[in-house]
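Descriptive structure summary
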Amino acid sequence: MQKLVQLLEFGAPGAKSLEEIRQQVASAGCSSKGGSGKSSCGSAAGQGDLPPEVWEKVKNHPCYSEQAHHHFARMHVAVAPACNIQCNYCNRKYDCANESRPGVVSEKLTPEQAAKKVLAVASSVPQMTVLGVAGPGDPLANPQKTFKTFELVSATAPDIKLCLSTNGLSLPDHVDRIQAMNVDHVTITINMIDPEIGAKIYPWIFYNHRRYEGVEASRILSERQLLGLEMLTARGILVKVNSVMIPGVNDKHLVEVNKAVKSRGAFLHNIMPLISEPEHGTVYGLSGLRGPSAQELKALQDACEGEMNMMRHCRQCRADAVGLLGEDRSDEFSNEKVAAMEITYDLEARKAYQAKVELEREAIAKAKTAELVKLADETSAIKIQVAIATKGGGRVNEHFGHAHEFQIYEVSTAGAKFVGHRRVDLYCEGGYAAADGAATIIRALNDCTAVLVAKIGICPKDALAEAGIEAVETYAFEFIETSVIAYFKDYLQRVEKKEINHVAKGDADIRQGAFTEA
Ligand code: CLF
Ligand code: SF4
């Protein structure tokens, strides 16, 4: 293992890319003794924008740092099945919608199973830096299981950050324990501060051994959420607030929620789109309430951004998600597979991987600054959105046909900014183009001027061009933000020379429905 540490720290011939390093750590980390023998088991603020002690807490957390989400992964363990409230966007046979997309949890875990799974993942996925408990119910409605899991993990894998997500009803009762367990990151889902609006979201809560309904239930919930938020921030614990944007119910009200949570010290606000389909069996799904469009969501996030940092890279993960945000490797770590693994937890190798990522991030920041200088003389008021096919690492490195999602950047003469992502169905299924593949992707990217890809075939390229989206391979394997800025500079020049017309784009779809097999 010493050799591996040296390799990670100093590089070695033929093993220079992070991808190669990841693979080497994976193959050295753990193995499966399954029947087939050994197998692999495996926000926009940056360093200068935050106080050093805060940067230390967020720099490797994929949800709290937009930069980090290109490089670092999280995992959830489904140890918390019960819930103490009912949300109209949740059907308990699906994941908690506070922190997840609607897909069933494959397996519920005991704390002991969860701790073993964490070690297995950490041993083979060096990018995994955060353990979150996010359901499938509410972690603090299952405090014994949640805290036992944290206790076991911090004893065996002390470098892993602990994170939890709660509806907040029980939060004030557990703040001291959260602090004592060094849980530095807590998410509270706050969808309203007005109980009248709350009554349209929460039919009931169960509190102090009794059930409350209507406005009274939401008044208690809101008071407990805001009290919990104040108690956490007073202790220096970073709090992210998640809000589900429910058109016609709380969409306009969320600006008020944003002000209220900011004034109480929340670090980050994550406004997520309602996911609502009849097949989910939720009250909203069955009543036909729709989720917001991409531009409706963005307009609300933009309206709140002057107030505080907005998270725009949330993937509404499953309560048993494993991997980079946007990928799901939970299948590789089922109870059965984890039980058969030989686990070697190598803290030094993990640290070395993280140090290597730091160097890559510095290179990305330097390249971005250099590219931005080239825009210094531009005065155009044009602003466009560019979609990126990426599989991580902050590079344009995914083929169009293999992309499960596209990252969306807004770019103007002020620079490039991550503004969201779009989940899509794969264009290529088993080597063949999906029947309606290009059409659904075009609907998801309809507000974008271009898509930057590692590679794309002629058919989808032509279909995109017909829809007014330029597919560009020029920046294959380059850094994303540098590429977006370079593309924009070129775009402005072509508009100026009248080679192309700048056209304002329309709205786009946010993918609804369950991604149970992403
Ligand atoms: Fe999990 Fe949530 Fe912690 Fe992240 S997820 S408990 S803060 S480690 Fe992240 Fe997933 Fe969005 Fe949650 S992308 S659903 S915000
Ligand atoms: Fe569902 Fe989570 Fe709401 Fe509980 S808090 S009802 S699990 S979305």
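The structure this text deals with has already been given above.
Small disclaimer: the values here were computed from a predicted structure and weren't measured. (Residues numbered from 1 in each chain as written. Chains lettered and ligands numbered in written order. Predicted model: local features only at pLDDT ≥ 70, side-chain atom pairs only at ≥ 80, totals over all residues. Heavy atoms only, no water.)

**As for the overall build of the protein**
Helices and strands together make up the secondary structure of the protein, namely 16 helices and 20 strands. Expressed as a percentage of its 518 residues, the buried residues of the protein come to 58%. Surface accessibility of the protein: about 20,900 Å² in total, with carbon and sulfur atoms responsible for 52%. (Helix = DSSP H or I, 4+ residues; strand = E, 2+ residues; numbered from the N terminus. Buried < 20%, exposed > 50% of the residue type's maximum accessible area, 1.4 Å probe, protein only. Areas by Shrake-Rupley, 256 points an atom, 1.4 Å probe, with all protein chains shown as cover.)

**As for the sheet that holds strand β3 (residues 85-86)**
On the basis of which strands lie adjacent, the open sheet formed by three strands has the order β3-β7-β8 and antiparallel pairing. With one partner strand each, in any of the chains shown, β3 and β8 (210-213) form the two edges of the open sheet. In terms of strand pairing, β3 meets strand β7 (residues 204-207) through two bridges, oriented antiparallel. The residue bridging Gln86 from the neighbouring strand is Trp204, located in β7. (Pairing = 2+ DSSP bridges.)

**Points about the packing of aromatic side chains**
The full count for this structure, using the stated rule, is seven aromatic pairs. Here Tyr207 and Tyr212 contribute two aromatic rings whose centre-to-centre distance is 6.5 Å and whose plane-to-plane angle is 50°, an arrangement assigned as tilted. The aromatic ring of Tyr212 is capped on one face by Arg210, whose charged end is 4.0 Å from the ring centroid. (Phe/Tyr/Trp six-rings, centres within 6.5 Å; stacked < 30°, edge-to-face > 60°. Lys NZ or Arg CZ within 6 Å of the ring centre and 35° of its normal.)

**Focus on the nonpolar core**
Ranked by size, the top nonpolar core spans 55 residues in total, and within it Val77, Met128, Leu131, Phe150, Ile178 and Leu232 carry the most contacts. Here this core takes seven residues from helix α4 (residues 111-124), the largest share from any one element. Look past the residues within four positions of Leu232 in its chain and what remains in contact with it is Leu171, Val175, Ile178, Val186, Ile188, Ile237 and Val239. Of all hydrophobic cores here, the second largest spans 37 residues; its members include Cys63, Ile85, Cys163 and Ala217. (Core = buried A, V, L, I, M, F, W, Y, C linked by side-chain atoms within 4.5 Å. Contact = heavy atoms within 4.5 Å.)

**Comments concerning helix α6 (residues 171-180)**
Restricting attention to buried positions, one finds in α6 the residues Leu171, Pro172, His174, Val175 and Ile178. Along the long axis of α6, the arc covered by the buried residues comes to 150°, so they all point the same way. Pointing more than 90 degrees away from the buried face of α6 are the exposed residues Asp173, Asp176 and Ala180. At its buried positions, α6 is contacted by α5 (143-156), β5 (161-166), β6 (185-189) and α8 (214-234). Where α6 terminates, the next one or two residues include Asn182, which has phi positive at roughly 60°. (Arc of directions from axis to C-beta.)

**What to know about the side chain of His421**
Mapped onto the secondary structure, His421 falls in strand β16 (residues 415-423). Given a relative accessible area of 18%, His421 falls into the buried group. A polar contact of 2.8 Å, which involves the side chain of His421, links it to the backbone oxygen of Cys314. When neighbours within four sequence positions are excluded, His421 is seen to be in contact with Arg312, His313, Cys314, Arg315, Glu405, Phe406, Gln407 and Ile408. (Polar contact = N/O pair within 3.5 Å; in protein donor to acceptor, adjacent residues only side chain to side chain.)

**Comments concerning the packing of α5 against α6**
In the contact formed by α5 and α6, the axes pass within 11 Å of each other and the chain directions differ by 10°. Relative to α6, the element α5 is oriented roughly parallel. Here Pro143, Gln144 and Phe147 of α5 come into contact with α6, specifically with His174, Arg177 and Ile178. Across the contact of α5 with α6, the residue classes tally to three nonpolar, two polar and one charged. (Axes fitted to C-alpha atoms, helices over the stretch in contact; angles between N-to-C directions. Parallel < 35°, antiparallel > 145°, perpendicular 65-115°, else oblique. Nonpolar A, V, L, I, M, F, W, Y, C, P; charged D, E, K, R; others polar.)

**Brief notes about the sheet that holds strand β15 (residues 405-412)**
Spatially, five strands are ordered β16-β15-β14-β19-β20 in an open sheet, and the strand pairing comes out mixed. Two strands close off the open sheet at either side, each with one partner strand: β16 and β20 (470-472). Pairs of neighbouring strands in the sheet enclose a mean axial angle of 25°, with direction left out of account. For strand β14 (residues 384-388) and β15, the ladder comprises five bridges, and the chain directions are antiparallel. Bridging from a neighbouring strand, Gln385 pairs with Glu410 of β15.

**Focus on the pairing of strand β2 (residues 73-76)**
Along β2, one buried face is formed by Ala73 and Met75 and the opposite face, lined by Arg74 and His76, is buried too. As paired elements, β2 and strand β4 (residues 128-133) share four bridges and run parallel to each other. Looking across to β4, one finds that His76 is bridged to Gly132. Where β2 meets strand β12 (residues 322-324), three bridges bridge the pair, whose relative direction is antiparallel. Across the sheet, residue Met75 finds its bridge partner in β12, namely Val322.

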